[in-house]
Every structure is written in C-alpha cells, then in structure tokens.
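Working through the structure, step by step
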Amino acid sequence: MYDKLLLGVGVVLLGLLWVQFPAIPEMDAQDHIRYTSDESEVVLNSKARFLKPSKALSPRQVIKIQLHALQRNDISDSGIITVFNFSSPASRVSLGPLNHFRMMVRDPAYSPMLNFVSYKTGKLVTTDDTAYQLVLVRGANGEEAAYLFILAKQRKGMYKGCWMTVGVARQDASNRQSSLI
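In this report, the structure presented in the accompanying data block is examined. (Residues numbered from 1 in each chain as written. Predicted model: local features only at pLDDT ≥ 70, side-chain atom pairs only at ≥ 80, totals over all residues. Heavy atoms only, no water.)

The next thing to look at is the overall build of the protein chain. Helix and strand counts for the protein chain come out as six helices and seven strands. The 181 residues of the protein chain split such that 37% are buried. For the protein chain, long-range pairs separated by at least 24 residues make up 47% of all intrachain contacts whose partners lie at least 6 apart in sequence. Of the roughly 11,100 Å² of accessible surface on the protein chain, 60% is carried by carbon and sulfur atoms. (Helix = DSSP H or I, 4+ residues; strand = E, 2+ residues; numbered from the N terminus. Buried < 20%, exposed > 50% of the residue type's maximum accessible area, 1.4 Å probe, protein only. Contact = heavy atoms within 4.5 Å. Areas by Shrake-Rupley, 256 points an atom, 1.4 Å probe, with all protein chains shown as cover.)

Set out below in structure tokens:
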C-alpha cells in the first residue's frame, strides 16, 4: 500500500515537472540570438535564456549577453538565471543559491538593471585574465545607474578558458561621467 502511494505521488510530481519544464524550449524569434566570437570563427546560436559560458565568447560578448538577458527578464526570471549561469564558481560560493541571487538582484542597488530601457558601455579594459567594463543603464522610470562589470578568465574546472563574471558593483553618480567613453 505504501509503495503504491509513493509511486502515485512520484508520477504526479513527474507530470507537474514535465508540464513546468518542457523537453524542447519554445523557439521565439525575438529571444533567438546570434553571437560571433572575436577570437575565432565560432558562431553561437541560442535562445538567450539558455546561454551558458563558452570558451568562444569574448568578455564583451559575455557582458552583452548578460545585459540583454537582464533587459528582457521575464516572469520566470530567465534573465536572472542567465546572469547566474555566467557567475564564476568562486562568485557562486559567496552569492549563494539561485533563489538568494534572485533576491539580491531585486535589491534597490541592482533593481535598475531589471528590464531597463537602454544602456551605454564604457571602454572595455582587458588584462591577461581579467576584464572591466563600466555600463550605464537607463531604467523605465528614466533613472540612470552605473555598474562596473568585473570578469575573469577561468583557470581550472569545467569552465576553464571561459570568461565569467566575478562581480558587478554599482558606481556612485560622481564617478560615472568621467569613466564612460
């Protein structure tokens, strides 16, 4: 009797999971993105919400992917999930699980990044294994906020050779204008 009850609960849960997460993602033309790497002839075609780190992506492309994802964040937080996917393994330790990261992005310091209207980027500064770029976003309410994206090329693990975000720091208004080019 107990086994049959567990089997029934398992089947119901599997059915709910199957409905919630279909096996094949829907292909919506507006979410379909094409990125060509600067360093190689590799072309990545993917739906924005399923993009993950790749050795073929340059730091500029990684930042662009994350900005595009945040700009088009939806009710299922696919944009936030994409940004979390590009967080370095070391950052994920300090950020905590995805649900904690979702709350952090909604904090007043970072909430202007969600569904913003437009953005401007400053000069990308790249050293051997690190990259920095200042980004100014304009929210739907007209508010502008500046953020410094800090990326690092991973040296080991499953993401070895991939550019991933180490941090995103909000900048105060007094420093912003001199840093944007």
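What follows deals with the packing of aromatic side chains. For the coordinates displayed, the defined rule picks out three aromatic pairs. Each ring, one from Tyr110 and one from Tyr147, has its centre 5.8 Å from the other, and the planes form 25°; the classification is stacked. Taken together, the positions of Tyr110 in the loop between α5 (98-105) and β3 (118-121) and Tyr147 in strand β6 (residues 144-153) put the pair 37 residues apart, joining distant regions of the chain. Ring geometry for Phe116 against Tyr119: centres 5.8 Å apart, planes inclined by 85°, an arrangement best described as edge-to-face. For Phe116, a relative accessible area of 3% puts it in the buried group. (Phe/Tyr/Trp six-rings, centres within 6.5 Å; stacked < 30°, edge-to-face > 60°.)

This brings us to the pairing of β6. Pairing analysis gives nine bridges linking strand β5 (residues 130-138) to β6, with the strands arranged antiparallel. In the strand pairing of β6, Gln133 is matched with Phe149. From the end of β5 to the start of β6, which pair antiparallel, there are five residues, and Gly142 there has a positive phi angle of about 90°. For β6 and strand β7 (residues 163-171), the ladder comprises eight bridges, and the chain directions are antiparallel. By the bridge assignment, Ile150 is partnered in β7 with Gly167. (Pairing = 2+ DSSP bridges.)

For the rest of this paragraph, the subject is the environment of Ile65. Along the polypeptide, Ile65 turns up in helix α2 (residues 59-71). Accessibility expressed as a relative area gives 2% for Ile65, which makes it buried. C-alpha separation for the pair Ile65 and Gly79, spaced 14 residues apart in sequence, amounts to 9.4 Å.

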